[in-house]
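Listed here are the chains, written in short residue letters.
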Amino acid sequence: MCRWLHEEYQGRTEAIRLGCARRLQDWPRCNKIKSPSQHLDDWVEFLQTYFSDMLHAPGTLRSMILGIIPTDFEEVTIAKPHVRTWQEIVIYCKVKTVYRRQKQLAGQARRPG
């Protein structure tokens, strides 16, 4: 709905802008550990399409991204001090997802058939 309103009115009204901002803030947490990449890509696309001005608020975006990543990945804030920005968190989650998937596939390949 937000996308349609934004396109229809070119995001000109403050009400539309506020509503879309609320959508970004209320983005649901990814609960499927197998698919955070697409979930994060959708959030980043929405951010870049409708709120590119927020890219200048890295602290806010970091806080927002921590609210939508799977809870299993939240250790990134404590255990990985080199992962600081929201972009680094997105990359970390994607890499960790690929690693977990490869580990799972390797485990299945080792099982007798």
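Provided above is the structure to which this section pertains.
J.: I would appreciate a short explanation of the side chain of His39 in the present structure.
T.: Within the fold, His39 resides in helix α3 (residues 36–50). With relative accessibility at 17%, the residue His39 sits in the buried group. Within polar-contact distance, the side chain of His39 engages the backbone oxygen of Pro28 at 2.7 Å. Residues in contact with His39, not counting those within four places in the same chain, are Trp27, Pro28, Arg29, Cys30 and Ile68.

J.: Would you mind going over the state of the cysteines with me for this structure?
T.: By the definition in use, this model includes zero disulfides. Note on Cys30: no disulfide assigned, nearest cysteine sulfur contributed by Cys93 at a separation of 8.9 Å. Owing to a relative accessible area of 6%, Cys30 belongs among the buried residues under this scheme.

J.: Sorry if this is basic, but what is going on with the environment of Val44 here?
T.: Mapped onto the elements of the fold, Val44 is located in helix α3. In this structure, Val44 is in contact with Trp86 and Val90, ignoring residues within four places of it in sequence.

J.: Help me understand the packing of helix α4 (residues 58–66) against helix α6 (residues 86–110) in this model?
T.: The axes of two packed helices give the description: the angle between them and the distance between them. Closest axis-to-axis distance for the α4/α6 pair is 8 Å, and the angle between their directions is 30°. Of the possible angle classes, the one that applies to α4 and α6 is roughly parallel. Residues Pro58, Leu61, Arg62, Ile65 and Leu66 of α4 form the contact with α6, whose participating residues are Trp86, Ile89 and Val90. When the residues that make up the contact of α4 with α6 are grouped by side-chain class, the tally is seven nonpolar, no polar and one charged.

J.: Is there a simple way to explain the environment of Lys96 in this structure?
T.: Its location among the elements puts Lys96 in helix α6. For the pair formed by Lys96 and Pro36, sequence separation is 60 residues and the distance between their alpha carbons is 9.9 Å. When near neighbours in sequence (up to four residues on either side) are disregarded, Lys96 contacts Asp72, Phe73 and Glu75.

Conventions we followed
- Residues numbered from 1 in each chain as written.
- Predicted model: local features only at pLDDT ≥ 70, side-chain atom pairs only at ≥ 80, totals over all residues.
- Heavy atoms only, no water.
- Helix = DSSP H or I, 4+ residues; strand = E, 2+ residues; numbered from the N terminus.
- Buried < 20%, exposed > 50% of the residue type's maximum accessible area, 1.4 Å probe, protein only.
- Polar contact = N/O pair within 3.5 Å; in protein donor to acceptor, adjacent residues only side chain to side chain.
- Contact = heavy atoms within 4.5 Å.
- Disulfide = S-S within 2.5 Å.
- Axes fitted to C-alpha atoms, helices over the stretch in contact; angles between N-to-C directions.
- Parallel < 35°, antiparallel > 145°, perpendicular 65-115°, else oblique.
- Nonpolar A, V, L, I, M, F, W, Y, C, P; charged D, E, K, R; others polar.

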